[in-house]
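Results of the structural survey
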Amino acid sequence: MNIDWAALASVFGVSLVITVALVGLFTLGITGLARQTPGAQGGGGGVLARTGAYACFALCAAAVAYGIYLIVA
């Protein structure tokens, strides 16, 4: 049995980077939802934070869907 260690290390490195990026993106979404202040004057910051949070969650869902697509296809 011959193991291609360079390919294994490459897959590990890419998986690690993508995992950290995905967790960071999800954390930004959670932070964006937590920054909403009900009853704040103007309300523009809350809408912007909520929109950014939803965009982060949508990117996370797209990355997960793409990963599932790569596994299935």
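Here, every reference points to the structure presented above.
These notes cover the structure that comes with them. Because the structure is predicted, anything quoted here is derived from the model rather than measured. (Residues numbered from 1 in each chain as written. Predicted model: local features only at pLDDT ≥ 70, side-chain atom pairs only at ≥ 80, totals over all residues. Heavy atoms only, no water.)

Observations concerning the overall build of the protein
Counted only if it meets this: Comment: elements are numbered from the N terminus, with helices defined as DSSP H or I runs of at least four residues and strands as E runs of at least two. Relative accessibility decides the category of a residue: with a 1.4 Å probe and only protein chains considered, values under 20% of the type maximum give buried, values over 50% give exposed, and everything between is partly exposed. Shrake-Rupley sampling with a 1.4 Å probe provides the accessible areas, and residues are treated as covered by the protein chains on show and by no other component.
On a plain count of helices and strands, the protein comes out with two helices and zero strands. Considering the protein as a whole, with its 73 residues, one finds that 8% of them fall into the buried category. Entry remark: accessible area of the protein is about 5800 Å², with carbon and sulfur atoms responsible for 74%.

Looking at the state of the cysteines
Quick reminder of the rule: Note on disulfides: each one is a pair of cysteine sulfur atoms within 2.5 Å.
According to the stated counting rule, one finds zero disulfides in the structure shown. Unpaired in terms of disulfides, Cys 56 finds its nearest cysteine sulfur in Cys 60, a separation of 6.9 Å. The exposure class of Cys 56 is buried, given its relative accessible area of 12%.

Looking at the environment of Ser 15
Quick reminder of the rule: Between N or O atoms, a polar contact is any pair within 3.5 Å; within protein, one atom must be a potential hydrogen donor and the other a potential acceptor, and residues adjacent in sequence are included only when both atoms are from side chains.
Relative to the helices and strands, Ser 15 is located in helix H1 (residues 5-34). A relative accessible area of 40% means that Ser 15 is categorised as partly exposed. Among the polar contacts made by the side chain of Ser 15, one reaches the main-chain carbonyl oxygen of Val 11 at a distance of 2.8 Å.

A short note on the packing of aromatic side chains
To keep things clear, this is the line we draw: Any Phe, Tyr or Trp ring, taking Trp's six-membered ring, that has another such ring centre within 6.5 Å forms a pair; planes under 30 degrees apart are called stacked, those over 60 apart edge-to-face, and the others tilted.
According to the stated counting rule, one finds two aromatic pairs in the structure shown. Ring centres 5.2 Å apart and planes at 55 degrees place the aromatic pair Phe 26 and Phe 57 in the tilted group. Here the residue Phe 26 occupies a position in helix H1, and Phe 57 occupies one in helix H2 (residues 44-72), the gap between them amounting to 31 residues. For Phe 26, a relative accessible area of 43% translates into the label partly exposed.

Focus on a nonpolar patch on the surface
Worth spelling out the cut-off: A residue counts toward a patch only above 30% relative accessible area and without a salt bridge, and it is joined to like-charged neighbours within 9 Å or, for Val, Leu, Ile, Met, Phe, Trp and Tyr, to nonpolar neighbours within 5 Å. Whenever a carboxyl oxygen of Asp or Glu lies within 4 Å of a side-chain nitrogen of Lys or Arg, that contact is scored as a salt bridge.
On the surface, a nonpolar cluster with roughly 550 Å² of combined accessible area is contributed by Met 1, Ile 3, Trp 5 and Leu 8. Examined against the element boundaries, Ile 3 turns out to sit in the segment before H1. The class for Ile 3 is partly exposed, based on a relative accessible area of 38%.

Nothing here speaks to function; it is all geometry.
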